[in-house]
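Tertiary structure, described
Now for the letters of each chain:
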Amino acid sequence: MKTRLNKKSLAIGLAAVAGALLVSCSEQNTGNVPVMTLDHTVKDTANTLISEDLNFNIPIYAQKIYICEDSIAVVCNKNSEWFLGLYNLNENRLLKNFLRRGNGPVEMLDVNFFFNNDTITVEDFQKDRIAVIPIHDAVYDDSYKPELRPLSVLSQYKLPYKGRLLALNPYCFINKEYGIDNNGPRFIITDSNYVYEDSSSYEYDTFNVSYSTFFISHINDRIVFVNTYKPELEIYDLRLNPLREILGPEMPSQKYLIEDDGDVVFLNTIPAAYSSFCHDESFFYVSFNGNLLSYKNDFDTSHLKSWIFKFDWNGNFIDSYYIDHYVTSMSLSNDGRYIYAFGTDREGENVFYKYLLR
């Protein structure tokens, strides 16, 4: 059983050339960057967090939920009339809907969500358009309307960056066991029109096996790369200089299939390493699963457990926590004492709780 992700068509009219990262994939493991390895001790000694109910009715189509200012619930929907809903968390009340589903000029067809503390970026990967939405403006400015801008960059994950978009390169993927050496840069940067053209050629198409995420802290001069498929974190400064790599905890290895046309896909299972993150000025937190999802149960996540690892912005490990369900998205309270976690419980039902960090 070979497993594909929803791959965006490669037939996109790419145009002007933009900048690229200073370090390539292979250079990340040459010893130039300090490497820290986490063993299973960080899981075995994790503090078990006790859930606290939130008086909030989870919308039926919610895919992710983020919390801003301890009062605004940012609900990312799939298969709903509206892709984005903003709620008063404490009053359990809808404030505004944005981004209607449809094929009209101000509508979107199918979307990905990218959240970074006070801003949510929504990409329509069918129509090649993107909206960057400051949450505070969207809630409190009655005249606010998202601007849908065209974009042309092949990447699964992207965030606003210095008037452009910083995006992950799907052709940064190396696996020596399978002889795959797509030594592209970790990040790519569009121009101010959100256009990026990759002039490089790669032997293997690794788009389907390279999905990951990252987040940015401007105040701390940091970008943290979070690998979804491998137990791996990478820390950069805002000039894209690599500062540190964090490996582990160890998880089962994934098998791949290389097709005749050079397309690389997962075989039988999909790895679930890191799934979500949140941060403030002092620390960042990442949730870790460390297991494989099988096609036999339709890649069900309900059996997964979550460990949350806490780091300072230099990548030093601080603490670990345990939650007995899969975490899809999480947010940090203003005072840094609580984590809001949305995910899936053992019955496959959506759950949304608040946890006091001990």
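Here goes a summary of the coordinates provided. It should be emphasised that the depicted structure is a prediction, and the values quoted were computed from it without experimental measurement. (Residues numbered from 1 in each chain as written. Predicted model: local features only at pLDDT ≥ 70, side-chain atom pairs only at ≥ 80, totals over all residues. Heavy atoms only, no water.)

**Observations concerning the packing of aromatic side chains**
Here the structure, examined in full by the defined rule, presents 27 aromatic pairs. Where Y171 meets Y202, the ring centres are 5.0 Å apart and the plane angle is 15°; that geometry is what we call stacked. On the criterion of sequence distance, the pair formed by Y171 in the loop between β14 (164–168) and β15 (172–175) and Y202 in the loop between β17 (187–189) and β18 (212–217) is long-range, its members being 31 residues apart. Owing to a relative accessible area of 13%, Y171 belongs among the buried residues under this scheme. Look at Y202 and you get partly exposed, because its relative accessible area is 23%. (Phe/Tyr/Trp six-rings, centres within 6.5 Å; stacked < 30°, edge-to-face > 60°. Helix = DSSP H or I, 4+ residues; strand = E, 2+ residues; numbered from the N terminus. Buried < 20%, exposed > 50% of the residue type's maximum accessible area, 1.4 Å probe, protein only.)

**Topic: the environment of L49**
Mapped onto the elements of the fold, L49 is located in the loop between β3 (47–48) and β4 (51–53). Apart from residues lying up to four places away in sequence, L49 is in contact with Y321, Y322, I323, Y355, L356, L357 and R358. (Contact = heavy atoms within 4.5 Å.)

**Remarks on the pattern of salt bridges**
A complete count under the given rule lists 10 salt bridges for this structure. Across the pair R346 and D324 runs a salt bridge, and its minimum N-O distance is 2.8 Å. Placement of R346 in the loop between β29 (338–344) and β30 (350–356) and of D324 in the loop between β27 (317–323) and β28 (326–332) is noted, with a sequence separation of 22 residues between them. Overall, D324 belongs to the partly exposed group, its relative accessible area being 42%. Between R337 and D335 there is a salt bridge, with the nearest N and O atoms lying 4.0 Å from each other. Taking the relative accessible area as the measure of exposure, R337 reaches 43% and is therefore partly exposed. Of the residues examined, D335 reaches a relative accessible area of 49% and is grouped as partly exposed. (Salt bridge = Lys/Arg side-chain N within 4 Å of Asp/Glu carboxyl O.)

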